[in-house]
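Summary of the model geometry
Residue strings, one per chain:
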Amino acid sequence: MDDDLVRRQLCVTNPEGLHARPAAKLVQLANQFQCEITLVRGSQRHDAKSIMDLMTLAAEQGSKLLLEARGCDAHVAADAIEKLFVEGLGDLDANPDDA
Amino acid sequence: MEVKRGIAVSPGVAIGPAMVLDAEGFRIPKRFVQEDAVVSEVRRLQHALDKARDEALANEKLLSDKLGGEYGAIFGAHAQMIADQKLRREIVALIEDHSFTPEYATSQVLRRYVKIFEASGPAAAAHVRDIFDVEQRILRHLLGEQREELSHLTSPVIVLAADLTPSETAGLDPKLVRAFATEEGGRTSHTAILAGALEIPAVVGLGRFLSEISGGDTVIIDGNRGLVVLNPDDKTLAEYQHTEEEFRHFEESLGALRDLPAETLDGERIALLGNIEFPDEAEHCLARGAEGIGLYRTEFLYLDSQRAPTEDEHFDAYRKVVQTMNGRPVVIRTLDLGADKLPGDLHPEERERNPFLGLRSLRLCLKHLDLFKTQLRAVLRASALGPVNIMFPLVSTLLELRHAKMIVADVMEDLDERGIPFARNIAMGIMIEVPSAVILADQFAAVADFFSLGTNDLIQYTLAVDRNNQSVANLFSAADPAVLRLIRMLIKSANRHNMPLSVCGEMSADPIYTLLLVGLGIRRLSVTPHSIPEIKKVVRSIRVSDAVKVCRKVMTIDNARDAVNYLRGEARKIIPELVG
């Protein structure tokens, strides 16, 4: 029932890696969903809803991560997060209007 | 009650409430809460986290409006860190499981993250600053008005710290900081020297002990014996209150010696001079009857800034000392630091594997001539105001000394061209602190105007021992027979050439060595200002004839331990209260 498990391969594309600001974006997004969201690298599992946990992941540009979403909205969540990664976690499109 | 043993670096006894500082200089508040207070403490934590998060969010908005979203975003990330549920769970667990205070638990948890980040590569290490920022923000809300910093003390405290930097130590207000004790540090560390200069009791090198004490607990610092007593019982407290009183009394009695000459019972005069670090200490020297400044260390000018000091900054400091000493001689030692301690652009290209055998002191000056000439110009300008001597540290070859003198000549030429006055006949001497300088003393005597024996480094380089390294510090001894033979060699050579020779290392300020040094033929001692009355008292209580006998006996002893025991015994016979 709620136990949908969705897996996706992700790649960190932004030049500075998954540092504080992109991690914050990711956490903000992840927290909008009900499902458990985990980023896996090797044997390490990191909770995508905890910025502290994501920062200890220390994922640099080019890192390959496995996304696991488990729960009723796992598919929507996985799609949204994948999109965020493809877009460079908000780091690539620094908005010129803001400056 | 708990008694910790460390290294006594500045004498005296002080009793007072503890102020505990951690490695980054933040105050660590009380560590433990009553068990029945855990629930309310967790509530207090939640409240502080909420407030800290709101504050970070407000910052985000403020910065985004002002500079744009990308600048504000970092505070958005901070807000998320503060609100992180995992972080909160970890802090709460420490409060519940260990009865830690929220403040202490927060520091512990965040410091754990710092360690993780530091260990996981340069990208993650950049997070460390964010974590400190977050920690400070949370602590500010937890501590509220209670927060107190070293620079804003309002009542007397005893400072307990992992370590104090020289500038933190120098910034201590001796009126409010009654004493301090540190986990790190050794006898000759800069911090220890500064403690002596500030004349507050201090004990260093205690090893880990901060986790056993909470802010506000009563502490006794015994700077005479190198002890720190945590939460003393009533009996110990009463004993120390008595000692504190007695010590003050003894100090006052030494004060009476000020205007009496440093003369042995059989009429031999010994010149007593002061070692100083700061211009203010020149006053301390005068107040204790010093005949001059035998060693003015100038490193402090270089330690506290991002840039090298200007000529005028040097000059202002030197002028103050020369004017205070009012006609008495002042020996200014040129920069005596390793490259690692200097402002950024002078750092060595590669990290030195053996800094003590590396680019330091005079070697560094001869490589960075601008830096050297700036200092020399200021010293020469000060020489127009009173008797000033230049002293070069760590001279190990004759070529270095000739080179240094040549640079002085260059600077003199400059000053001449600009019409700036200075003493043309200024004396230029060297520190004797490397065995090569002792071995070649006859040759050095032809080039230098005076010698000053720096015992700390001479011992270090002779015995190959770093005194700050706890595992080998026991090998470091001024009474080692090899060291004593070098000193005897040096004295003979100096006498052959009529070279003025003084002793300015720590050995000269330790009363157990006074008999030996006088017996060996030393007639000039330069010591920390607070030791002047002590050493004068010893000098006035001995005979040169006895000192010579003691010296002969010591030279027959083949190991440092027996030599020290013998010397201590002899000194105790003369002045029991000075010898521990």
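Here, the structure is the one placed above.
Residues numbered from 1 in each chain as written. Chains lettered and ligands numbered in written order. Predicted model: local features only at pLDDT ≥ 70, side-chain atom pairs only at ≥ 80, totals over all residues.

It is worth spelling out the interface of chain B and chain A at this point. Of the residues lining the interface, 22 residues belong to chain B; the matching set on chain A comes to 20 residues. Elements with a minimum of two residues in the side of chain B that touches chain A: helix 2 (69-83), helix 3 (85-98), helix 4 (102-119), helix 5 (121-125) and helix 6 (127-143) of chain B. Residue contributions to the side of chain B that touches chain A peak at eight residues, all from helix 2 of chain B. Of the residues that constitute the side of chain B that touches chain A, the class distribution is ten nonpolar, eight polar and four charged. (Contact = placed C-beta atoms within 7 Å. Helix = DSSP H or I, 4+ residues; strand = E, 2+ residues; numbered from the N terminus. Nonpolar A, V, L, I, M, F, W, Y, C, P; charged D, E, K, R; others polar.)

Moving on: the packing of helix 12 (residues 311-325) of chain B against helix 14 (residues 369-382) of chain B. Residue and element names in this part refer to chain B. At a minimum axis separation of 8 Å, helix 12 and helix 14 run at an interaxial angle of 35 degrees. Our pair here, helix 12 against helix 14, has a crossing hand that is right-handed. Residues E311, H314, F315, Y318, R319 and V322 of helix 12 pack against T374, Q375, R377, A378, V379, R381 and A382 of helix 14. Each residue belonging to the contact of helix 12 with helix 14 can be placed in one class, and the counts come to six nonpolar, three polar and four charged. (Axes fitted to C-alpha atoms, helices over the stretch in contact; angles between N-to-C directions. Left-handed = near helix turned anticlockwise from the far one by under 90°.)

Examined against the element boundaries, V20 of chain B turns out to sit in strand 3 (residues 13-21). Accessibility expressed as a C-beta count within 10 Å gives 24 for V20 of chain B, which makes it buried. (Buried ≥ 20, exposed ≤ 12 C-beta atoms within 10 Å, placed from the backbone.)

All names here are of chain B. On the basis of which strands lie adjacent, the open sheet formed by eight strands has the order 1-8-7-3-4-5-6-2 and mixed pairing. Where the open sheet ends on each side, the last strands, each with one partner, are strand 1 (2-5) and strand 2 (7-10). Sheet twist, expressed as the mean angle between neighbouring strand axes with direction ignored, is 30 degrees. Here strand 5 (residues 177-182) runs beside strand 6 (residues 202-204); their pairing, made up of two bridges, is parallel. Residue F180 lies in a different strand from strand 6, and its bridge partner there is A202. Of the strands in this sheet, strand 3, strand 7 (218-222) and strand 8 (227-230) touch helix 9 (residues 234-255), which is tilted by about 115 degrees from strand 3. (Pairing = 2+ DSSP bridges.)

Another aspect to go through is unusual backbone geometry. Residue and element names in this part refer to chain B. Of note, the phi angle at N326 is positive, near 45 degrees, even though the residue is not glycine. Turning to its location among the elements, N326 is positioned in the loop between helix 12 and strand 11 (330-333). Of note, the phi angle at S361 is positive, near 50 degrees, even though the residue is not glycine. By C-beta crowding, S361 is classed as buried, having 26 other C-beta atoms within 10 Å.

Remember that side chains alternate between the two faces of the sheet whenever the strand is regular. Residue and element names in this part refer to chain B. With respect to burial, strand 3 is a largely interior element, seven of its nine residues being buried. For strand 3 and strand 7, the ladder comprises five bridges, and the chain directions are antiparallel. Considered in strand 7, the bridge of V13 is made with D222. Where strand 3 lies against strand 4 (residues 157-161), four bridges are found, and the strand directions are parallel. Considered in strand 4, the bridge of L21 is made with A161.

These figures capture arrangement, not role.
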